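An overview of the molecular structure
So you can see what is in the structure, the chains are spelled out below.
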Amino acid sequence: MRDDRIKEEGITGSIKLLAPGTPLREGLENILRAKTGGLIVIGDNDEVMSLVDGGFYINIDFSTAYIYELAKMDGAIILSADAKRILYANTQLIPDPSIPSSETGIRHRTAERVARQTGQMVISISQRRNIITIYKGYSKYILQDTNKVLTKANQAIQTLEKYKKVLDQAMTNLSALEFEDLVTIYDVATVLQRTEMVMRIVTEIDKYIAELGNEGRLVSMQLEELLANVKEDGKYVIEDYRIQEDGIDYNTTTRQIRNLSSEELLDLTHIGKILGYSGGLNALLDTPVSPRGYRMLSKIPRLPMSVIQNVVIHFNDFQKILKASIEELDDVEGIGEIRARTIKEGLRRVQEQVLMDRHLR
């Protein structure tokens, strides 16, 4: 799963270079319409150049007209890493033939092997199938028509809205249980499971946005609105409940959840164990737990994180924070009487809002 995520991130960055409206995308589409085919490598490091045989060095600024004309020749084109200069044309690429390839055509097989051998982005434009294929390392992606990508992006946004609604319900339920001191590992794991499901859809939408370029602005705005506080709340839930161990921090915990397969993610015990808890299926999920208080304190307006950390370190239990008097809060470093009253009043308002949200849902 981790390798798949790395591949996705790598190909998404490559796709941005080819977004609609960019000179490179325009040049590729000109070649596609002319049905001449083409093979283009973006990157000129030593490893790439060791595979180049023949051709000629031109080193000129990139232009759609130049790349269109140069693609009429049979050889490959080498661009600079930022795709702003055309360095070589009509070259032959000779990758290691022992590198496995799933492609059948000579051009696509060469592109795949070069990408795998060098880690650079290689673009193959099919003369027969009329498609543009991107290879980056061991990743492969076929560029699609902008309208089709936009349709898929909108469908993914609709799916995200449904998942976000389910996440909001789970988060509201967790909040209510925290005030009632009735939280179990099941409730925490459910929230983190649904947070991860949301973030996996976001990864897919990010890929669409990268491919859409300027055409993806509306989708990007919708995504930003739907994602409000999702990452922050997920982070605070982990910090509230993970068992603190040396060498196991928030980033490590998040990475372990992200690396779960789709099947493993459905089993909440995996998340419970990642948080540091042990036991069998029912015993683990039924384990009562109490948050430290990061997430609830973060909902109080204008309360600095430094103050939140001092409060959490001082009490180390949300119920103790909730029951603390003004004087007890005032004893915490960095908190005076005014801020202590702000915390008490803030938590009361948060609780009222949580109960209202729970009733409405």
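Everything numeric in this text was worked out from a predicted model, so none of it was measured.

This part takes up the overall build of the chain. Scanning the chain for helices and strands turns up 18 helices and eight strands. For a compact globule of 361 residues, the expected C-alpha radius of gyration is about 21 Å, and the chain comes in at 27 Å, more than 25% above that figure. Its C-alpha atoms put the chain at 80 × 40 × 35 Å along the principal axes. Relative to its full complement of 361 residues, the chain shows a buried share of 47%. Of the contacts formed within the chain by residues at least 6 apart in sequence, a portion of 65% connects residues at least 24 apart.

With that settled, the discussion passes to the nonpolar core. Looking at soluble globular proteins, one finds that nonpolar side chains tend to be buried together. Ranked by internal contacts, the top residues of the largest apolar core, which has 45 residues, are Val 188 and Ile 205. Looking at this core, the elements with two or more residues in it are α6 (146–180), α7 (185–212), α8 (217–226), α9 (230–241), α10 (250–258), α12 (268–274) and α13 (281–285). If you tally residues by element for this core, the top one is α7, at 14 residues. Ignoring anything within four residues of it in the chain, the contact list for Ile 205 reads Ala 156, Ile 157, Leu 160, Val 219 and Leu 223.

Here we come to the pattern of salt bridges. According to the stated counting rule, one finds 16 salt bridges in the structure shown. For Glu 69, the salt bridge is made with Lys 72, and the minimal N-O distance between the two is 3.1 Å. For Lys 72, a relative accessible area of 45% puts it in the partly exposed group. Its salt-bridge partner being Glu 352, residue Arg 348 comes within 2.4 Å of it at the nearest N-O pair. Highlighted residues: Arg 348 and Glu 352, both in helix α18 (residues 337–360), separated by four residues, approximately one helical turn.

As a further point, take α7. Along an α-helix, residues three or four positions apart point the same way, because every turn accommodates 3.6 residues. Taking 1.5 Å as the rise per residue, α7 with 28 residues should run 40 Å; its terminal C-alpha atoms sit 41 Å apart, in good agreement. For α7, the buried fraction is high: 23 of the 28 residues fall into the buried class. Positive phi appears at Gly 213, one or two residues downstream of α7, with a value of about 60°.

Inspection of the entire model under this criterion finds two aromatic pairs. Ring centres 5.0 Å apart and planes at 55° place the aromatic pair Tyr 57 and Tyr 88 in the tilted group. Separated by 31 residues along the polypeptide, Tyr 57 in strand β3 (residues 56–61) and Tyr 88 in strand β5 (residues 85–93) bring together distant segments of the chain. A residue is classified by how much of its surface remains accessible, and Tyr 57, at 52% relative accessible area, is exposed. With 5.4 Å between their ring centres and 75° between their planes, Phe 179 and Phe 318 make a pair best called edge-to-face. In this pair, Phe 179 is assigned in helix α6 and Phe 318 in helix α16 (residues 318–323), connecting sequence segments 139 residues apart. Grouping residues by exposure puts Phe 179 and Phe 318 together as buried. Over the face of the ring belonging to Tyr 250 we find Lys 235, whose NZ or CZ atom lies 5.6 Å from the ring centre.

Burial along strand β8 (residues 139–143) is one-sided: the face carrying Ser 139, Tyr 141 and Leu 143 is buried and the face carrying Lys 140 and Ile 142 is not. When strand β7 (residues 132–136) meets β8, the two strands line up antiparallel, connected through five bridges. When the bridges of β8 are listed, Thr 133 appears paired with Ile 142. With antiparallel pairing between neighbouring strands as the criterion, β7 and β8 make up a hairpin whose turn holds two residues, including Gly 137 at a positive phi of roughly 60°.

Now for the confidence of the model for the chain. This prediction gives the chain a mean pLDDT of 91; 96% of its residues lie at or above 70. Note that residues 1–7 has pLDDT below 50 and, in this model, twelve contacts with residues that lie over four places away or in other chains.

The next thing to look at is the packing of α7 against α9. Interaxial distance between α7 and α9 falls to 10 Å at its minimum, and their mutual angle equals 145°. In the packing of α7 onto α9, the handedness of the crossing is left-handed. Taking contact as the criterion, the partners of Val 188, Val 191, Leu 192, Thr 195, Val 198 and Met 199 in α7 are, on α9, Val 230, Lys 231, Gly 234, Val 237, Ile 238 and Tyr 241. The residue makeup of the contact of α7 with α9, split by class, is nine nonpolar, two polar and one charged.

Positionally, Ser 126 belongs in the loop between β6 (121–125) and β7. For Ser 126, the contacting residues outside a window of four places in its chain are Leu 32, His 108 and Ile 131.

Each value, and the rule that gives it
The residue numbers shown here count from 1 along each chain, following its written sequence. Two thresholds apply to this predicted model, a pLDDT of at least 70 for residue-level local features and 80 or more for giving and counting side-chain atom pairs, whereas whole-chain, interface and lining totals are computed over all residues. Based on all heavy atoms of the structure, the side-chain values leave hydrogens and waters out of the count. Counting from the N terminus, the helices are DSSP H or I runs at least four residues long and the strands are E runs at least two residues long. It is over C-alpha atoms that the radius of gyration is taken, and the globule rule equals 2.2 Å times the number of residues to the power 0.38. In this scheme, a residue with accessible area under 20% of its type's maximum is buried, one over 50% is exposed, and one in between is partly exposed, where area comes from a 1.4 Å probe on protein chains only. Contact between two residues is taken to exist if any of their heavy atoms lie within 4.5 Å; hydrogens are not considered. Definition used in this section: a nonpolar core is a set of buried Ala, Val, Leu, Ile, Met, Phe, Trp, Tyr and Cys residues joined via side-chain atoms within 4.5 Å. Here, a salt bridge means any Lys or Arg side-chain nitrogen found within 4 Å of an Asp or Glu carboxyl oxygen. To estimate the expected span of a helix, subtract one from its residue number and multiply by 1.5 Å. Each Phe, Tyr or Trp ring (for Trp, its six-membered ring) is paired with any other whose centre lies within 6.5 Å, and the angle between the two planes then decides the class: stacked below 30 degrees, edge-to-face above 60, tilted in between. Each ring is checked for a lysine NZ or an arginine CZ that lies within 6 Å of its centre and within 35 degrees of its normal; such an atom marks a charge sitting over the ring. Two strands qualify as a pair provided DSSP detects at least 2 bridges between them. Known as pLDDT, the predictor's confidence for each residue is given on a scale from 0 to 100. A fitted line through C-alpha atoms represents every axis, and for helices the fit uses only the stretch in contact; the resulting angles, taken between N-to-C directions, go from 0 to 180 degrees. Two helices crossing with the near one rotated counterclockwise from the far one by less than a right angle form a left-handed crossing, whereas a clockwise rotation gives a right-handed crossing. Put simply, Ala, Val, Leu, Ile, Met, Phe, Trp, Tyr, Cys and Pro go in the nonpolar bin, Asp, Glu, Lys and Arg in the charged bin, and everything else, Gly too, in the polar bin.

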